[in-house]
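Here are the chains, one letter per residue:
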Amino acid sequence: MKDAIREIQFRGLTPSGKWLFGDRVRRDGKVYIFPPDGMDSIDCYNVMEETVGLASPIKDKTRSPVFQGDNIRDTMTGAEYVVMYGFCKRYAFTGWYVE
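Residues numbered from 1 in each chain as written. Predicted model: local features only at pLDDT ≥ 70, side-chain atom pairs only at ≥ 80, totals over all residues. Heavy atoms only, no water.

Enquirer: Let's hear about the sheet that holds strand β2 (residues 19–27): which residues, and what values?
Expert: Pairing within the open sheet is antiparallel, and its 6 strands lie in the order β4-β3-β2-β1-β5-β6. In this open sheet, the two edge strands, each paired with only one partner strand, are β4 (45–47) and β6 (65–67). Strand-to-strand twist in this sheet, taken as the mean axis angle between neighbours without regard to direction, amounts to 55 degrees. In the sheet, strand β1 (residues 10–13) pairs with β2 via 4 bridges, with the strands oriented antiparallel. If you follow Phe10 over to β2, its bridge partner there is Gly22. (Pairing = 2+ DSSP bridges. Helix = DSSP H or I, 4+ residues; strand = E, 2+ residues; numbered from the N terminus. Axes fitted to C-alpha atoms, helices over the stretch in contact; angles between N-to-C directions.)

Enquirer: Tell me about the layout of surface pockets, and please be specific about residues and values.
Expert: Reported here for the largest pocket is a volume of approximately 200 Å³. Ile58, Lys59, Asp60, Lys61, Val66, Ile72, Arg73, Thr75 and Val83 together form the lining of the largest pocket. Those elements giving two or more residues to the lining of the largest pocket turn out to be β5 (53–59) and β7 (71–73). The residue makeup of the lining of the largest pocket, split by class, is 4 nonpolar, 1 polar and 4 charged. In this structure, the second largest pocket is lined by Tyr81, Phe87, Cys88, Lys89, Arg90, Tyr91, Tyr97, Val98 and Glu99. (1 Å grid on protein atoms, 1.4 Å probe; cavity = no way out; pocket = protein on both sides within 12 Å on 5 of 7 lines; lining within 4 Å. Points joined across faces, edges and corners; volume = space filled by probe spheres on them. Nonpolar A, V, L, I, M, F, W, Y, C, P; charged D, E, K, R; others polar.)

Distances and angles like these do not, on their own, reveal function.
Structure representation (C-alpha cells):
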C-alpha cells in the first residue's frame, strides 16, 4: 500500500473580493497567498486574515474541498456546523471536527 501524501492548500479572500488558493505566508503582520501557478515567481497576494482557511480532507457533494471555517449542513437532519481544525475539547483530540 502506498503512503498517501495530502496536498496542503489554503484559501483566502483578497480585499477586492477574489478567492485565492495556494500556500499561506505570514509576514510583517499580514497574511499572503502564493498561488500554485505563481510559485516560480515572487508573486503573492495579500488576503484578509479572517478569511484564511486550510483545506480539509473532506469533499462536498461536487467533490470540491471543504475548508476550515466553512459552514456545512447535515442533509439528514438539517443541522448546520462549522468545519474546524485544532483541539476538540468535547472528545479531547487534535484534528478535524465540526462544531
